[in-house]
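Geometric and topological summary
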Amino acid sequence: MEKSNVNIIKKEKSIIKNLAKFAWIIYSSIAAICIAAITIINSTWIYKLVVKKYDLTTITGLSEQALMREYRGLINYLQNPFVDKLRFDNFAMSTYGEVHFYEVKKIFIALMIIVAIFIIALAGWFIFNKYKKSSINIRGLLKNFNNSANLLIIFFIGIVVLYFIDFSWAFTMFHKIFFRNDYWIFDPRIDPIIIALPEELFMICGGAILILLVFIVIAVKWGYYRNRNNIKSYSENNGIEV
């Protein structure tokens, strides 16, 4: 009877451990997407290319420098939790537009929180392994990251399919999923900022995010397969399937 209870406890611990690993794999994948999104949105040179390619200076009547200032101000508002008011120097903004940008800001803050938790958890993992176990299990970490990369590949394929079938439809569905109103449908007469933020900008940023995710996956896969033999040896010794 006592032996049976011990086996049950071991089985429960194994289930909890596997669930924790699965949760970490999913969270790592989400964090990678968040990191890619934050990196691309902060790459203001992309917007500069869009300004030139789509001749936004002529369309808006503003100089390239003025458009870049407005864009940087928008990005700062979206990411800085201490900036509670969005103001444009050259564009009027309706209450609906202000509400929408605030909702976008909440999404951006959430992305940053996800990344911060990921970094803190990873740092805590390193510290725990270093000072409690006197060794850092890089092989196990690479194995988990490899599984996260596999999820990213599935995500990438799904998004690419939507991207090429109908980007406008995917763009619309994204807004319907994340926003409970239609304030994201800007009227250029009362929210002229939308003229400076064409749909092509979001399409290019989306593509850039996917490309960055490809590089992340390649880096993870390279690290994993470079140490494949060591990881397999570690897994066999610890009764883990590779």
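Residues numbered from 1 in each chain as written. Predicted model: local features only at pLDDT ≥ 70, side-chain atom pairs only at ≥ 80, totals over all residues. Heavy atoms only, no water.

Quick word on the layout of surface pockets
We apply this condition: For cavity detection a 1 Å grid was placed over the protein atoms alone, and a set of points counts as a cavity when a 1.4 Å probe fits there but cannot get out; an open set counts as a pocket when protein lies on both sides within 12 Å along at least five of seven lines, with lining residues being those that have an atom within 4 Å of a point. Grid points are joined across faces, edges and corners, and a volume is the space filled by probe spheres set on the points. The helix count covers DSSP runs of H or I at least four residues long, the strand count covers runs of E at least two residues long, and both are numbered beginning at the N terminus. Charged residues are taken to be Asp, Glu, Lys and Arg, nonpolar residues to be Ala, Val, Leu, Ile, Met, Phe, Trp, Tyr, Cys and Pro, and polar residues to be all remaining types, Gly included.
One number sums up the size of the largest pocket: a volume of about 1600 Å³. Lining the largest pocket are 45 residues, with F171, F174, H175, F202 and I209 positioned closest to its centre. Listing elements by their share of the lining of the largest pocket, those giving two or more residues are α1 (2-41), α4 (64-79), α5 (95-131), α6 (138-165), α7 (167-178) and α8 (199-226). Class assignment of the residues belonging to the lining of the largest pocket gives a composition of 40 nonpolar, three polar and two charged.

A short note on the packing of α7 against α8
What counts here: Simply put, an axis is a line fit to the C-alpha atoms, just over the touching stretch for a helix, and the angle between two N-to-C directions goes from 0 to 180 degrees. In this scheme, roughly parallel covers angles under 35 degrees and roughly antiparallel covers those over 145, while 65 to 115 is roughly perpendicular and the rest are oblique. By the convention used here, residues are in contact when the closest approach between their heavy atoms is within 4.5 Å.
Contact geometry for α7 and α8: axes closest at 11 Å, N-to-C directions at 90°. By the angle class used here, α7 and α8 are roughly perpendicular. Residues F167, S168 and F171 of α7 form the contact with α8, whose own contacting residues are E199, F202 and M203.

A closer look at the environment of M68
Positionally, M68 belongs in helix α4. With 23 residues separating them along the chain, M68 and W45 place their C-alpha atoms 9.2 Å apart. Discounting chain neighbours no more than four positions away, the residues touching M68 are T44, Y47 and K48.

Quick word on α4
Counted only if it meets this: How far a helix is expected to stretch is found by multiplying one less than its residue total by 1.5 Å. Accessible area is worked out with a 1.4 Å probe on protein chains only. A residue is then buried under 20% of its type maximum, exposed over 50%, and partly exposed in between.
Taking 1.5 Å as the rise per residue, α4 with 16 residues should run 22 Å; its terminal C-alpha atoms sit 23 Å apart, in good agreement. Taken residue by residue, α4 has A66, L67, M68, E70, Y71, L74, I75, Y77, L78 and Q79 as its buried positions.

A closer look at the environment of G97
Following the sequence through the fold, G97 ends up in helix α5. The spatial distance from the C-alpha of G97 to the C-alpha of D187 is 9.0 Å, given a sequence separation of 90 residues. Setting aside residues no more than four positions away along its own chain, G97 makes contact with F186 and D191.

Some thoughts on the pattern of salt bridges
Threshold: A side-chain nitrogen of Lys or Arg and a carboxyl oxygen of Asp or Glu constitute a salt bridge if their distance falls within 4 Å.
Scanning the model with the defined rule gives three salt bridges in all. The residue K48 makes a salt bridge to E64 at a minimum N-O spacing of 3.8 Å. Separated by 16 residues along the polypeptide, K48 in helix α2 (residues 44-53) and E64 in helix α4 bring together distant segments of the chain. In this structure K48 comes out as partly exposed when scored by relative accessible area, which is 36%. For the salt bridge of D187 with R189, the shortest nitrogen-to-oxygen distance reads 2.7 Å.

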